[in-house]
There are 2 protein chains.
Amino acid sequence: MQTQRLAQIMQERGVRRTPQRLAVWRLLAEEPGLTIREAVRALEPEGIGQATVYRSVKALENAGLLLGFPAPRGELRYAAVLDHVHLLVCERCGAVRRLHECRLSGYEAEVEQKTGYRVRGHTLVVYGLCPRCREGGEP
Amino acid sequence: MQTQRLAQIMQERGVRRTPQRLAVWRLLAEEPGLTIREAVRALEPEGIGQATVYRSVKALENAGLLLGFPAPRGELRYAAVLDHVHLLVCERCGAVRRLHECRLSGYEAEVEQKTGYRVRGHTLVVYGLCPRCREGGEP
DNA sequence: CTTGAGATGATAAGATTTATCAGGTATGCA
DNA sequence: TGCATACCTGATAAATCTTATCATCTCAAG
């Protein structure tokens, strides 16, 4: 289970491990692509307060355990991650897949060269239509 | 001037060309990396209503003329774009540069192959420290 | 087990975003 | 060019979302 690695990373990065934070992370691992508000509603029945959800998302994102990405309608949606991944998002239904390959380190080095920036990381989101939505008629 | 190309693209994509939308785009071209709210405040003196700014940002983003990206503190920030570009964002001062090279079409094809998704595009944001912030001076 | 820094929940306060509607204006066509 | 109309705008109100506050609780280091 990934729970072990999650615990390890939280430990390493000095992020306190509370049941609420674990619940937030798990929700966004099982259902990636929710907004914070949607997460608030999903966790309400478990007795987790909305302020806590907001704070947890920030803490986890800070620790690199959640990834935010812009979705249609100007929404900011989140997905749980452990390692560096790229996201593949369906523009129609919002389904999110993680892509575990990254060959952009060469690109990063090149950007450093050309710009003088110190590069620390990147976020790549690929947009398209998932197999199911590809088939389906118009939205 | 890019204004010509901008007009052309708006025409092509059926986005109505109003003074307000042009103002929003120009602001985010000169000062990329603003939140919508910051844009609202910047355009208030010009007599552009807040609702209009919100609507314009959505219309322009939809037409691929603005790019949204997640910034620290959970903010969604925007930059004006004409073509497909990658963004280079300074984590400390928020400076935004556009990178006009993209060699990810091969990657997109590969993702299509492997996942069955129909890929329509991608967003790549590289994070780091700009030369000035690298030194340690304040933003 | 003890202890203290930091997290939580409830609620209030504040900020952002959207809805509504009367009036205005870009754009296609004659 | 001038017209008609579909779409846009500004103002304001209403709805949502986000943060602040504070008393209490709990994780985790020793």
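Note that the structure is predicted; figures quoted are calculated from it, not measured.

Draft legend 1. Representation of the protein's contact with DNA strand D within the structure. Around DNA strand D, a shell composed of 21 residues is seen, among which R16 and Y54 of chain A together with R16, T18 and T52 of chain B lie nearest. Among atoms of DNA strand D positioned within 4 Å of the protein, sugar and phosphate together represent 69%. Within the side chain of R16 of chain B, an N or O atom sits 2.7 Å from a sugar or linking oxygen of DNA strand D. Counting residues per element, the ones that place at least two in the surface near DNA strand D are α3 (36-43) and α4 (50-62) of chain A together with α2 (19-30) and α4 (50-62) of chain B. Here the element with the most residues in the surface near DNA strand D is α4 of chain A; it accounts for 5 residues. Residue classes in the surface near DNA strand D are distributed as 5 nonpolar, 7 polar and 9 charged.

Draft legend 2. View of the protein's contact with DNA strand C. In the vicinity of DNA strand C lie 20 residues, with T18 and T52 of chain A together with R16, R17 and Y54 of chain B positioned nearest. Counting only the atoms of DNA strand C within 4 Å of the protein, the fraction contributed by sugar and phosphate is 71%. One of the side-chain N or O atoms of Y54 of chain B is found 2.5 Å from a phosphate oxygen in DNA strand C. Elements that contribute at least two residues to the surface near DNA strand C include exactly α2 (19-30) and α4 of chain A together with α3 (36-43) and α4 of chain B. Among the elements that make up the surface near DNA strand C, the one with the highest residue count is α4 of chain B (5 residues). Looking at the surface near DNA strand C residue by residue, the classes come out as 5 nonpolar, 6 polar and 9 charged.

Draft legend 3. Empty space enclosed by the protein, seen in detail. On inspection of all chains with the given rule, the structure shows 1 cavity of 30 Å³ or more. Counted as a void, the largest cavity has a volume near 40 Å³. In terms of lining, the largest cavity is formed by P70, T123 and V125 of chain A together with P70, T123, V125 and Y127 of chain B. At 3 residues, strand β5 (residues 118-129) of chain B tops the list of elements feeding residues into the lining of the largest cavity. Class assignment of the residues belonging to the lining of the largest cavity gives a composition of 5 nonpolar, 2 polar and no charged.

Draft legend 4. Geometry of unusual backbone geometry. Of note, the phi angle at R73 of chain A is positive, near 70°, even though the residue is not glycine. Given a relative accessible area of 66%, R73 of chain A falls into the exposed group.

Draft legend 5. How the structure looks around the interface of chain B and chain A. Taken together, the contact between chain B and chain A spans 43 residues of the former and 43 residues of the latter. At the boundary of chain B with chain A, total buried surface from both sides reaches about 3700 Å², with 58% on carbon and sulfur atoms. For the interface between chain B and chain A, the tally reads 6 salt bridges. A salt bridge links R120 of chain B to E91 of chain A; the shortest N-O distance between them is 3.1 Å. Where chain B packs against chain A, one counts 18 residue pairs in polar contact (both at pLDDT 80 or more). Taken together, the elements giving at least two residues each to the side of chain B that touches chain A come down to α4, β1 (66-71), β2 (75-80), β3 (86-90), β4 (96-99), α5 (105-115), β5 and α6 (131-135) of chain B. No other element matches the 12 residues that β5 of chain B contributes to the side of chain B that touches chain A. Counted by class, the side of chain B that touches chain A contains 21 nonpolar, 9 polar and 13 charged residues. Where strand β5 (residues 118-129) of chain A and β5 of chain B come together, 11 bridges link them in antiparallel fashion. Residue pairing for β5 of chain B: Y127 of chain A is matched across the bridge by G121 of chain B.

Draft legend 6. Spatial organisation of the layout of surface pockets. Roughly 970 Å³ of internal volume is contained in the largest pocket. Contributing to the lining of the largest pocket are 29 residues, with E91 and Y127 of chain A together with E61, N62 and G64 of chain B lying nearest its centre. Elements with a contribution of two residues or more to the lining of the largest pocket: β1 (66-71) and β5 of chain A together with α4, β1 and β5 of chain B. The element best represented in the lining of the largest pocket is β5 of chain B, accounting for 4 residues. A breakdown of the residues in the lining of the largest pocket according to their chemical character gives 12 nonpolar, 8 polar and 9 charged. In this structure, the second largest pocket occupies an estimated 790 Å³ of space. Lining the second largest pocket are 26 residues, with E61, G64, L67 and T123 of chain A together with E91 of chain B positioned closest to its centre. Looking at the lining of the second largest pocket, the elements with two or more residues in it are α4, β1 and β5 of chain A together with β1 of chain B. If you tally residues by element for the lining of the second largest pocket, the top one is β5 of chain A, at 5 residues. The residue inventory of the lining of the second largest pocket, partitioned by class, reads 11 nonpolar, 8 polar and 7 charged.

Thresholds applied
- Residues numbered from 1 in each chain as written.
- Chains lettered and ligands numbered in written order.
- Predicted model: local features only at pLDDT ≥ 70, side-chain atom pairs only at ≥ 80, totals over all residues.
- Heavy atoms only, no water.
- Near = heavy atom within 4 Å.
- Polar contact = N/O pair within 3.5 Å; in protein donor to acceptor, adjacent residues only side chain to side chain.
- Helix = DSSP H or I, 4+ residues; strand = E, 2+ residues; numbered from the N terminus.
- Nonpolar A, V, L, I, M, F, W, Y, C, P; charged D, E, K, R; others polar.
- 1 Å grid on protein atoms, 1.4 Å probe; cavity = no way out; pocket = protein on both sides within 12 Å on 5 of 7 lines; lining within 4 Å.
- Points joined across faces, edges and corners; volume = space filled by probe spheres on them.
- Buried < 20%, exposed > 50% of the residue type's maximum accessible area, 1.4 Å probe, protein only.
- Contact = heavy atoms within 4.5 Å.
- Buried area = accessible area lost by both parts, 1.4 Å probe.
- Salt bridge = Lys/Arg side-chain N within 4 Å of Asp/Glu carboxyl O.
- Pairing = 2+ DSSP bridges.

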